[in-house]
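Chains, contacts and geometry: an overview
In case you want the letters, here they are:
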Amino acid sequence: MAALPESQDVLHVGELEIRLEEGLVLATGRALTLSVREFELLVALARRAGAIITREQLYDTVWGGELRPGDRSVDVYVSKLRGKLETALPDRRFIHTHPGFGYRFQPQPSRNVHMEAAGS
């Protein structure tokens, strides 16, 4: 079987390199420790970077089914993933919540870090 072109094997979003075949995420060259669900969630978000994705769409893509009323799985895993990304790259915000709509994945400078840097 021929190797896939790099664009299908690796996603680059901001300072993140997501190696799909390896299940590996690098943040400025450092590997992140993500669970399988967190990795799949990151891939689902990164493939649609800049677009708002509903909780139902994320659940269908990552868990493979219909989101049941009251199920907070997506929110819990988004929170865990957001924390890991922001710990690895504290000067960036990656996952943006749009209440009533869903989540948007778009690397942006964190406002707090810019204010701290300006004060130094």
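You'll find the structure just up there.
Residues numbered from 1 in each chain as written. Predicted model: local features only at pLDDT ≥ 70, side-chain atom pairs only at ≥ 80, totals over all residues. Heavy atoms only, no water.

Structurally, the position occupied by arginine 55 is in helix α3 (residues 55-62). Separated by 18 residues in sequence, arginine 55 and serine 73 have C-alpha atoms that sit 9.3 Å apart. With near-sequence residues (within four places) excluded, arginine 55 lies in contact with Leu67, Asp71, Arg72, Val74, Asp75 and Tyr103. (Helix = DSSP H or I, 4+ residues; strand = E, 2+ residues; numbered from the N terminus. Contact = heavy atoms within 4.5 Å.)

This part covers the sheet that holds strand β4 (residues 30-31). With respect to topology, four strands assemble into an open sheet ordered β1-β2-β3-β4, the strand pairing being antiparallel. In the strand order of this sheet, the two ends are held by β1 (10-13) and β4, each with one partner. The pairing of β1 with strand β2 (residues 16-19) spans four bridges and is classified as antiparallel. In the sheet register, valine 13 faces β2, and the bridge partner there is leucine 16. Along the sheet, helix α2 (residues 36-47) contacts β1, β2 and β3 (24-27); its crossing angle with β2, the most-contacted strand, is approximately 115°. (Pairing = 2+ DSSP bridges. Axes fitted to C-alpha atoms, helices over the stretch in contact; angles between N-to-C directions.)

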